[in-house]
Amino acid sequence: MAELVRAGKVRHLGLSEASAETIRRAHAVHPIAALQSEWSLWTRGLEHEIVPVCRELGIGLVPFSPLGRGFLTGRYTSTEGLPEGDVRRTQPRFADGNLEKNLAIVEKLNELAAAKGVTAGQLALAWVQHRGDDVVPIPGTRRQKYLEENLTAATIELSPGELAAIDAAAPADQVAGTRYDEKSLTFVNR
C-alpha cells in the first residue's frame, strides 16, 4: 500500500477495526491517516488502548455505527419489525434478555435528550463528536429526515456536566451482550 501512495495512486492509508499493535506496525511502514472502528455509547472498547495510540501517532478516528446500529435513537424496541436477513437479528445486544437491559439505557438517554430539546439519536451522536476534534463519525443514514437530524447533532454543544450525565446514563460496563457473535469478534481489533 505504501508503494501505491508513492506511485500517486492512493493519497492516504487507513485501517479498520485494527488493534493498537497493528496500528503501530502499519504506521511504522507508512503513516496511517485514519482508523475506522465502531464507537458509540454502547461500543467503547477502543477508548483505553486504541484511541490513545491513534492520538499519539496523529491518526484520525472515523467511528462507524455511532448510533449503535440505530438502537440508540430509540427506534428499535424489539427485533420483530426488522426485515429478514437484518444483521441486528443475530447480534447479541439485540437478543432476548440483553435487549431489555439495553432499552433501559436508551430510556435514560431519551430523558436527557428531552431535557436538552434534542432526540436521543442526536444526543448519542453529539456525544461521539465530543470525543475530540480528531473524531469524525459516519452514521449510516437512508432517509433525508435522519440526515438532517444527524447534521443538527453536529451543532449541539455539551457541557462537561452533560457529558458526565450521558456517561452515567450509558456506562460502558452496563451494556448487555457483545456487539458481534463470538466468531465475528475474532476479526475485530486484530
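As the structure is a computational prediction, the values presented were derived from the model and not from experiment.

Rules used throughout
- Per chain, the residues get numbers from 1 upward, laid out in the order the sequence is written.
- Local features in this predicted model are restricted to residues whose pLDDT is 70 or higher, and side-chain atom pairs enter the listing and the counts only when it is 80 or higher, whereas totals over whole chains, interfaces and linings include all residues.
- Neither water nor hydrogens contribute to the side-chain values; these are computed over all heavy atoms in the structure.
- UniProt positions are given in the numbering used here, feature names are shortened, and annotations may be inferred rather than shown by experiment.
- Runs of H or I in DSSP of at least four residues are treated as helices and runs of E of at least two as strands, each being numbered from the N terminus.
- Exposure categories follow from relative accessible area, calculated using a 1.4 Å probe and restricted to protein chains: below 20% of the type maximum is buried, above 50% is exposed, and the middle band is partly exposed.
- Each direction from the helix axis to a C-beta atom contributes to the arc, which is the arc of those directions.
- Two residues qualify as a contact provided that any one of their heavy atoms is within 4.5 Å of a heavy atom in the partner residue.
- Only strands that DSSP links by at least two bridges are regarded as paired with each other.
- Place the viewer so that the strands point away; then a crossover is right-handed whenever the path from the first strand over the helix to the second strand goes clockwise.

## Considerations on the UniProt feature "domain: NADP-dependent oxidoreductase" (unreviewed entry) in the protein chain
Residues given the UniProt feature "domain: NADP-dependent oxidoreductase" (unreviewed entry) here are residues 1-169. With 43% helix and 9% strand, the stretch residues 1-169 has end C-alpha atoms that lie 42 Å from each other.

## Brief notes about helix H7 (residues 160-169)
Within the sequence span of H7, burial applies to Leu163, Ile166 and Ala169. The arc enclosing the buried residues of H7, seen along the axis, measures out at 125°, which places them on a common side. Facing away from the buried side of H7 by more than 90 degrees, the exposed set consists of Pro160 and Ala168. As for H7, its buried residues are in contact with helix H4 (98-116) and helix H5 (120-129).

## Observations regarding the pairing of strand E2 (residues 32-38)
Where strand E1 (residues 13-16) meets E2, four bridges bridge the pair, whose relative direction is parallel. Looking across to E2, one finds that Gly14 is bridged to Ala34. Where E2 and strand E3 (residues 60-64) come together, five bridges link them in parallel fashion. Residue pairing for E3: Ser37 is matched across the bridge by Pro63. Running through helix H3 (residues 50-57), the crossover from E2 to the neighbouring parallel element E3 is right-handed.

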